[in-house]
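As a plain string of letters, each chain reads:
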Amino acid sequence: MEANRGNILYLVVPCYNEEEIIELSIGRLKEKMNRLISEKKIDGRSKVVYVNDGSRDKTLSLLHVAAKEDSSIAVISFSTNFGHQSAILAGMMFATDHADMVITIDADLQQDIEALDKFIEAYMHGNEIVYGVRNDRNSDGFFKKLTATMYYKFLHVLGCDIITNHADYRLMSKKALKVLGEYKEVNLFMRGLVPTLGFKSDIVYFDVKAREAGSSKYTLKKMVKLATDGITSLSIKPLHLIIGLGFATCLFSVLMAIYIFVDWLSGNTVPGYTTSLMITLIMNGITLLSLGIIGEYIGKIYMEAKGRPRYIVESIVFQKEDEQ
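Residues numbered from 1 in each chain as written. Predicted model: local features only at pLDDT ≥ 70, side-chain atom pairs only at ≥ 80, totals over all residues. Heavy atoms only, no water.

### Structural notes on the overall build of the protein
Piece 1. Check the secondary structure of the protein and you find 10 helices and eight strands.
Piece 2. Burial statistics for the protein: of 324 residues in total, 42% are counted as buried.
Piece 3. Of the accessible surface of the protein, which amounts to about 17200 Å², a share of 61% is contributed by carbon and sulfur atoms. (Helix = DSSP H or I, 4+ residues; strand = E, 2+ residues; numbered from the N terminus. Buried < 20%, exposed > 50% of the residue type's maximum accessible area, 1.4 Å probe, protein only. Areas by Shrake-Rupley, 256 points an atom, 1.4 Å probe, with all protein chains shown as cover.)

### What about unusual backbone geometry?
Piece 1. A positive phi angle is found at N17, which is not glycine, with a value near 55°.
Piece 2. Inspection of the secondary structure assignment puts N17 in the loop between β1 (9–15) and α1 (22–38).
Piece 3. Exposure remark for N17: the relative accessible area of 13% places this residue in the buried category.
Piece 4. Phi at K40 is positive, roughly 60°, even though this residue is not glycine.
Piece 5. Checked against the element boundaries, K40 lands in the loop between α1 and β2 (47–52).
Piece 6. Accessibility expressed as a relative area gives 71% for K40, which makes it exposed.

### Describing the pattern of salt bridges
Piece 1. Evaluated as defined, the whole model comprises 10 salt bridges.
Piece 2. Across the salt bridge formed by K41 and E39, the nearest N and O atoms sit 3.5 Å from each other.
Piece 3. Given a relative accessible area of 31%, K41 falls into the partly exposed group.
Piece 4. Among the salt bridges present, the one from R170 reaches D168, with a minimum N-O distance of 2.8 Å. (Salt bridge = Lys/Arg side-chain N within 4 Å of Asp/Glu carboxyl O.)

### Describing a nonpolar patch on the surface
Piece 1. Residues L255, I258 and V262 make up a contiguous nonpolar surface patch of roughly 280 Å² in combined accessible area.
Piece 2. With respect to the helices and strands, the residue L255 is situated in helix α9 (residues 237–265). (Patch = residues over 30% accessible without salt bridge, like charges linked within 9 Å, V, L, I, M, F, W, Y side chains within 5 Å.)

### Some details on α1
Piece 1. Here α1 spans 24 Å end to end across 17 residues, near enough to the 24 Å set by a 1.5 Å rise per residue.
Piece 2. Turning to α1, its buried residues are I22, S25, I26, L29, K32, M33 and L36. Seen end-on, α1 carries its buried residues on one side only, within an arc spanning 140°. Opposite the buried face of α1, at more than 90 degrees from it, the exposed residues are E23 and S38.
Piece 3. Elements in contact with the buried residues of α1: β1, β2, α2 (59–69), β3 (73–78) and α4 (116–124). (Expected span 1.5 Å × (residues − 1). Arc of directions from axis to C-beta. Contact = heavy atoms within 4.5 Å.)

### Regarding α2
One full turn of an α-helix is made of 3.6 residues, so residues set three or four places apart face in the same direction.
Piece 1. Of all the positions in α2, only T59, L63, A66 and A67 are classed as buried. Around the axis of α2, the buried residues are gathered within 100° of arc, so they sit on the same side. Away from its buried face by more than 90 degrees, α2 exposes K68 and E69.
Piece 2. Close packing links the buried residues of α2 with β1, α1, β2, β3 and β8 (313–317).

### Structural notes on the pairing of β2
Piece 1. With six of six residues buried, β2 is to be regarded as a mostly interior element.
Piece 2. Both faces of β2 are covered, namely the face carrying K47, V49 and V51 and the face carrying V48, Y50 and N52.
Piece 3. Inspection of the sheet shows β1 paired to β2 by six bridges, in the parallel sense. When the sheet's bridge partners are listed, V13 is paired in β2 with Y50.
Piece 4. On the question of chirality, the crossover connecting β1 to the parallel β2 by way of α1 is right-handed.
Piece 5. As paired elements, β2 and β3 share five bridges and run parallel to each other. If you follow V48 over to β3, its bridge partner there is I73.
Piece 6. With α2 bridging β2 and the parallel β3, this β-α-β connection has right-handed handedness. (Pairing = 2+ DSSP bridges. Right-handed = clockwise from strand over helix to strand, strands pointing away.)

Here it is as structure tokens:
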């Protein structure tokens, strides 16, 4: 265990329309933080930072009530919905100036909070980044489990440095956070971005629990967007695949042209309607798919080139008195 390792912990909790569970979440996390403080695993100045990602329900008002009653709770509120990844980043960047380590965790209490002890222990042994990896995906439905498994395998095929079954339950030290702050991507995919930092890291395995209240706000549309951001942010191999596919298609076209020409010389009369239709459909499909992939990368370049802020903070509730 490293000596003189700071132990001020900030928990960063992104929230979006979580009014059904937010009070339960606040209570559970507060209880856990108090236990960690009493066991002297973290400093008494540690806090829980809730990031309200443009919620349209009572989430923000409930958070403000909690922050008013408890100085160990801070609230950052966005002007509108900027997305889960931006909320995580905003909380971490805010905590960089106050904490020695930051752990991001979802508000739905599905990620086992008892694993926090293991995160802190790994940090105390010199790790700058600690990844939370779920033991299994038994809590997911068949479709989500299948697509998640295929997605991680596909990312590995593309050469992406990503940890299978790691969500956004992770610890980062102040040192790692300061380096992360130098990254300026607008299209955020933290699961792929953090491993590129290259610091000493470890893995903590945890169980995923059933959601106790409310419903998941991560719709299929959001999951598809996150998956697309992950692929286009971490790899350009899809563009290489298009080149290979284009070469193979050209070669196939040349061979077909030779075959048709030879067939014509031999005097065979071939109607060719079905063959021509199939080739046309295949070629058009390949062309549209290729243009779509290229367009996705161009769209990402367009968003990055505009240089818009990744999030806009409307208000912050943060009491400093207990840190003096």
